[in-house]
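So the chains spell out like this:
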Amino acid sequence: MCRHLAYLGPPRSLAELLTQPPHGLLAQSWRPRLQRHGTVNADGFGIGWYLPEPAPCPTRPARYRRAVPIWTDANVPELARAIHSRAVLAAVRSATPGCGHEEAAAAPYALGRWLFSHNGAVGDWRQLPADAGMPLEPDELLGVEAHCDSALLWLLISRRLSAGEPPADALAAVVRATAAVRPDARLTLLLTDGRTIAAVRHGDSLWHRAAPGEVLVASEPTDGDDGWREVPDGSLLLAAPGAARILPLGDPAGAGREEGTS
Ligand code: GLN
């Protein structure tokens, strides 16, 4: 359904990353090539980017999110030309039936320095915390940002991050617990703090391209570069500029496989 992308590397304009590539996120909003669920991604979009340093709050990213199709927002070309960043997470959305259509349901979700996006769907998500043994307190539920499976997943993951859990462990724990009680759930996730990216492919497509000093992780290749590699289903990807490491999801502490250059 949705399509999303994360980038770390030298400062690039949002246009270079999102709107100019022949199969970039803008093109994927109306003509995705590898999307198996849904057709277009017209239910909103979001762009999160980290500010150049020095900045008043360099580790806390900025966001621009709308509930309209990205191609209808006349501000996007101007913003994309003007904004440059070393770290970006962006998504275009095809809403899952039963989820809200509000702006707050458009990824990336944020907490402090973190940005998060979910591509997929969880059946009967309202019962997930109880079924998976991850109960929520009333104040946590009241604070959930949107009426959406992705917002719930982000709540479950972000409270682990806030408790100091490493990002790969937090993603893997929530994916494993969810998959155990929702075997049909699709859970392809992107998470970044602006310095590293942790991602899970569990269901919908995920690719990465590591080149010296930079890395892109995306639902599908954004151009014809032959450096794109598919992330195998059931894997965890840990990426930093110039490097990507793939681990089996069932074994986040395992040895993994290095790809790319440093
Ligand atoms: N279920 C999520 C939502 O409704 C993600 C949808 C998707 O991947 N298309 O936003």
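Further up the page is the structure itself.
Cut-offs and rules
- Residues numbered from 1 in each chain as written.
- Predicted model: local features only at pLDDT ≥ 70, side-chain atom pairs only at ≥ 80, totals over all residues.
- Heavy atoms only, no water.
- Helix = DSSP H or I, 4+ residues; strand = E, 2+ residues; numbered from the N terminus.
- Buried < 20%, exposed > 50% of the residue type's maximum accessible area, 1.4 Å probe, protein only.
- Contact = heavy atoms within 4.5 Å.
- Phe/Tyr/Trp six-rings, centres within 6.5 Å; stacked < 30°, edge-to-face > 60°.
- 1 Å grid on protein atoms, 1.4 Å probe; cavity = no way out; pocket = protein on both sides within 12 Å on 5 of 7 lines; lining within 4 Å.
- Points joined across faces, edges and corners; volume = space filled by probe spheres on them.
- Nonpolar A, V, L, I, M, F, W, Y, C, P; charged D, E, K, R; others polar.
- Pairing = 2+ DSSP bridges.
- Axes fitted to C-alpha atoms, helices over the stretch in contact; angles between N-to-C directions.
- Expected span 1.5 Å × (residues − 1).
- Polar contact = N/O pair within 3.5 Å; in protein donor to acceptor, adjacent residues only side chain to side chain.

(A) Fine view of the side chain of Thr222. Inspection of the secondary structure puts Thr222 in the loop between strand 10 (214-218) and strand 11 (229-230). In this structure Thr222 comes out as buried when scored by relative accessible area, which is 2%. In this structure, Thr222 is in contact with Leu5, Pro21, Pro22, His23, Gly24, Gln28, Leu216 and Trp228, ignoring residues within four places of it in sequence.

(B) The packing of aromatic side chains, seen in detail. One pass over the full model with this rule turns up two aromatic pairs. Residues Phe45 and Tyr64 carry aromatic rings whose centres are separated by 6.0 Å and whose planes lie at 55 degrees to one another, so their mutual orientation is tilted. In this pair, Phe45 is assigned in strand 2 (residues 45-49) and Tyr64 in strand 3 (residues 62-66), connecting sequence segments 19 residues apart. In this pair, the class of Phe45 matches that of Tyr64, namely buried.

(C) Geometry of empty space enclosed by the protein. Across all of its chains, the model carries two cavities of 30 Å³ or more by this definition. There is about 120 Å³ of room inside the largest cavity. As for the largest cavity, its lining consists of 20 residues, of which Cys2, Arg93, Ala105, His118 and Ser150 are closest to the centre. Sorting the residues of the lining of the largest cavity by element identifies strand 2, strand 4 (84-92), strand 6 (114-121) and helix 6 (149-162) as the ones contributing at least two each. For the lining of the largest cavity, the leading source of residues is strand 6, giving three residues. Looking at the lining of the largest cavity residue by residue, the class counts come to 10 nonpolar, eight polar and two charged. Of the volumes computed, that of the second largest cavity is approximately 40 Å³.

(D) Representation of the sheet that holds strand 3. Here seven strands make up an open sheet; going across it, the order is 3-2-4-1-10-9-11 and the pairing antiparallel. The sheet is open, and its two borders are formed by strand 3 and strand 11, each paired with just one other strand. Alignment of strand 1 (residues 3-13) against strand 4, held across eight bridges, turns out to be antiparallel. Looking at strand 4, one finds that Ala6 is bridged to Leu89. Each of strand 1, strand 2, strand 3 and strand 4 touches helix 3 (residues 75-82); the most contacted strand, strand 3, lies at about 160 degrees to it.

(E) Local environment of helix 7 (residues 167-181). Across its 15 residues, helix 7 extends 22 Å between first and last C-alpha, which sits within 8% of the 21 Å expected from 1.5 Å per residue. Contacts from the buried residues of helix 7 go to strand 6, helix 4 (128-131), helix 6, strand 7 (186-192), strand 8 (197-201) and strand 12 (235-240).

(F) Here's a closer look at the pairing of strand 12. Sheet analysis places strand 8 next to strand 12, joined by five bridges and oriented antiparallel. Counted as the bridge partner of Ala199 is Leu237 from strand 12. Connecting the antiparallel pair strand 12 and strand 13 (residues 243-248) is a turn made up of two residues, with Gly242 showing a positive phi of about 90 degrees.

(G) The side chain of Ser235, seen in detail. Looking at where Ser235 falls in the secondary structure, it is placed in strand 12. Its relative accessible area of 4% is what places Ser235 among the buried residues. Among the polar contacts listed, one links the side chain of Ser235 to the backbone oxygen of Pro232, at a separation of 2.5 Å. Those residues in contact with Ser235 that sit more than four places away from it in its chain are Ala199, Val200, Arg201, Ile246, Leu247 and Leu249.

(H) Quick peek at the layout of surface pockets. Volume-wise, the largest pocket comes out at about 220 Å³. Taken together, 14 residues make up the lining of the largest pocket; nearest its centre are Tyr50, Leu51, Glu53, Arg86 and Gly194. Counting residues per element, the lining of the largest pocket draws most heavily on strand 4, which supplies four residues. Residue composition of the lining of the largest pocket, by class: six nonpolar, four polar and four charged.

(I) Fine view of unusual backbone geometry. Along the chain, Ala107 connects to Pro108 via a cis peptide bond; the corresponding omega equals 5 degrees. Tracing the sequence through the fold places Pro108 in the loop between strand 4 and strand 5 (109-111). Not every positive phi belongs to a glycine, and Asp124 is a case in point at roughly 45 degrees. Tracing the sequence through the fold places Asp124 in the loop between strand 6 and helix 4.

(J) Inspection of the environment of Tyr109 at higher detail. Looking at where Tyr109 falls in the secondary structure, it is placed in strand 5. The class of Tyr109 is buried, set by a relative accessible area of 1%. Placed 44 residues apart in sequence, Tyr109 and Arg65 show a C-alpha to C-alpha distance of 9.8 Å. When near neighbours in sequence (up to four residues on either side) are disregarded, Tyr109 contacts Arg63, Ala104, Trp114, Leu115, Phe116, Glu145, Ala146, Cys148, Ser150, Ala151 and Trp154. At a separation of 3.4 Å, a polar atom in the side chain of Tyr109 contacts the main-chain carbonyl oxygen of Ala105.

Coordinates in, geometry out; function isn't part of it.
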